[in-house]
Amino acid sequence: MSTRPIARPGAALLRRLREPAPPQPERCGFCGIQLPPGHRHVVDTEERRLACTCAACALLFQAPGAAEGRYRKVPDRYLVDPAHELDESAWEALRIPVSTAFFFRNAVLDRLVALYPSPAGPTESELDPRTWESVLGRSRLTALLEPDVEALLLRRTAGVLRCFLVPIDVCYELVGRMRLHWQGFDGGAEARRELDGVFARIQDRSRALAEDVAS
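Tell me what's going on with the packing of aromatic side chains, and back it up with residues and numbers.
Within the structure shown, the criterion is met by five aromatic pairs. A centroid spacing of 5.4 Å and a plane angle of 50° characterise the contact between Phe-61 and Tyr-71, whose relative ring orientation is tilted. With Phe-61 in the loop between helix 2 (55–60) and strand 3 (71–73) and Tyr-71 in strand 3, the pair connects residues that are 10 residues apart, well separated along the chain. Residue class for Tyr-71 comes out buried when judged on its relative accessible area of 19%.

What follows is the structure in structure tokens.
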């Protein structure tokens, strides 16, 4: 009985299997064009997810009611309200188990939704939404919040609470960075360094609301 030798992969194939595949370029979710770094996003309000988009396609969803309201362009504004401060009792009322959380107004549910980073990605808080409204409802930032595309991003450090109005894709990027670097119960030192960097950039970009801005 004759036998045939078992085929073995060559050295080049073994090398390719050991090496990670190069990252694929991101493409517009609507026209397929390759996207540069720092490209825009739109929110699919039905699926509650972000879609990458080129500048031309993003313009199609800028007008209110475009695509029957399903897709909304994520704006690019960063705001902070020096006149509104949150204290420790406010954070305790929110009952967020980590130091960072973000809140956005879901147009379908017509209420705030709270999410926070975790090793598994964004985790939704199960706290009664009326509690979030009581804590954040007095802020002028809450009144300015665009549904689905902007968020209130909160962080508690050394007993100090900071709140910013930011594009919602910034929040999901932060969650992704935290998931990548998370270690231990509270995220670990590397995750905290990532948080420090993200919030430093947000602070630099944020415009302070003037005292006479109406809520």
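Hey, could you go over the environment of Ile-202 for me, with residue numbers and the actual values?
Within the element layout of this structure, Ile-202 appears in helix 7 (residues 188–205). Residue Ile-202 is classed as buried on the basis of its relative accessible area of 2%. The spatial distance from the C-alpha of Ile-202 to the C-alpha of Phe-164 is 8.0 Å, given a sequence separation of 38 residues. Once residues within four sequence positions are removed from consideration, Ile-202 is found in contact with Tyr-78, Leu-153, Phe-164, Val-166 and Val-170.

Give me the nonpolar core: which residues, what numbers.
Ranked by size, the top nonpolar core spans 25 residues in total, and within it Phe-102, Phe-104, Leu-153, Val-166, Leu-174 and Ile-202 carry the most contacts. At the level of secondary structure, the elements contributing two or more residues to this core comprise strand 5 (100–106), strand 6 (111–116), strand 8 (150–157), strand 9 (160–167), helix 6 (168–181) and helix 7. Broken down by element, this core gets its largest block of residues, six residues, from helix 6.

Run through helix 6, naming residues and quoting values.
A rise of 1.5 Å per residue sets the reference length of helix 6, with its 14 residues, at 20 Å; its end C-alpha atoms lie 21 Å apart and thus fit the reference within 8%. Every buried residue of helix 6 is accounted for by Ile-168, Asp-169, Val-170, Cys-171, Leu-174, Val-175, Met-178 and His-181. For helix 6, the secondary structure elements touched by its buried residues are strand 1 (40–44), strand 2 (49–53), strand 5, strand 8, strand 9 and helix 7.

Account for helix 7, with residues named and values stated.
The end-to-end C-alpha distance of helix 7 is 26 Å, a good match for the 26 Å that 18 residues give at a rise of 1.5 Å each. Residues of helix 7 that are buried include every one of Gly-188, Ala-191, Leu-195, Val-198, Phe-199 and Ile-202, and no others. Each buried residue of helix 7 lies within a common arc of 95° when the element is viewed along its axis, so the set occupies one face. The exposed residues of helix 7 that point more than 90 degrees off its buried face are Arg-193 and Asp-204.

If you had to explain the sheet that holds strand 1 to someone new, which residues and values would you point to?
Strand order in the open sheet made by the three strands is 2-1-3, with antiparallel pairing throughout. In this open sheet, the two strands that pair with only one neighbour each are strand 2 and strand 3. Sheet twist, expressed as the average angle between the axes of neighbouring strands with direction ignored, equals 35°.

The rules we used
- Counting starts from 1 at the beginning of each chain's written sequence and moves along it residue by residue.
- Owing to the predicted nature of the model, reporting of local features is limited to residues with pLDDT of at least 70; listing and counting of side-chain atom pairs is limited to 80 or more, with chain, interface and lining totals taken over all residues.
- To get the side-chain values, take all heavy atoms of the structure and skip hydrogens and water.
- When two rings of Phe, Tyr or Trp (its six-membered ring) have centres within 6.5 Å they constitute a pair, described as stacked for plane angles under 30 degrees, edge-to-face for angles over 60, and tilted for the intermediate range.
- Numbered from the N terminus, helices here are DSSP runs of H or I no shorter than four residues, and strands are runs of E no shorter than two.
- Accessible area is worked out with a 1.4 Å probe on protein chains only. A residue is then buried under 20% of its type maximum, exposed over 50%, and partly exposed in between.
- Note on definitions: a residue-residue contact is assigned when non-hydrogen atoms from the two residues lie within 4.5 Å.
- Nonpolar cores were defined as sets of buried Ala, Val, Leu, Ile, Met, Phe, Trp, Tyr and Cys residues, with membership established by side-chain atoms within 4.5 Å.
- Each helix should span, by expectation, one fewer than its residue count multiplied by 1.5 Å.
- The reported arc concerns the directions from the helix axis to the C-beta atoms and nothing else.
- Only when DSSP finds a minimum of two bridges between them are two strands counted as paired.
- As a rule, the C-alpha atoms of each element are fitted with a line to give its axis, helices using only the stretch in contact, and angles between N-to-C directions run from 0 to 180 degrees.

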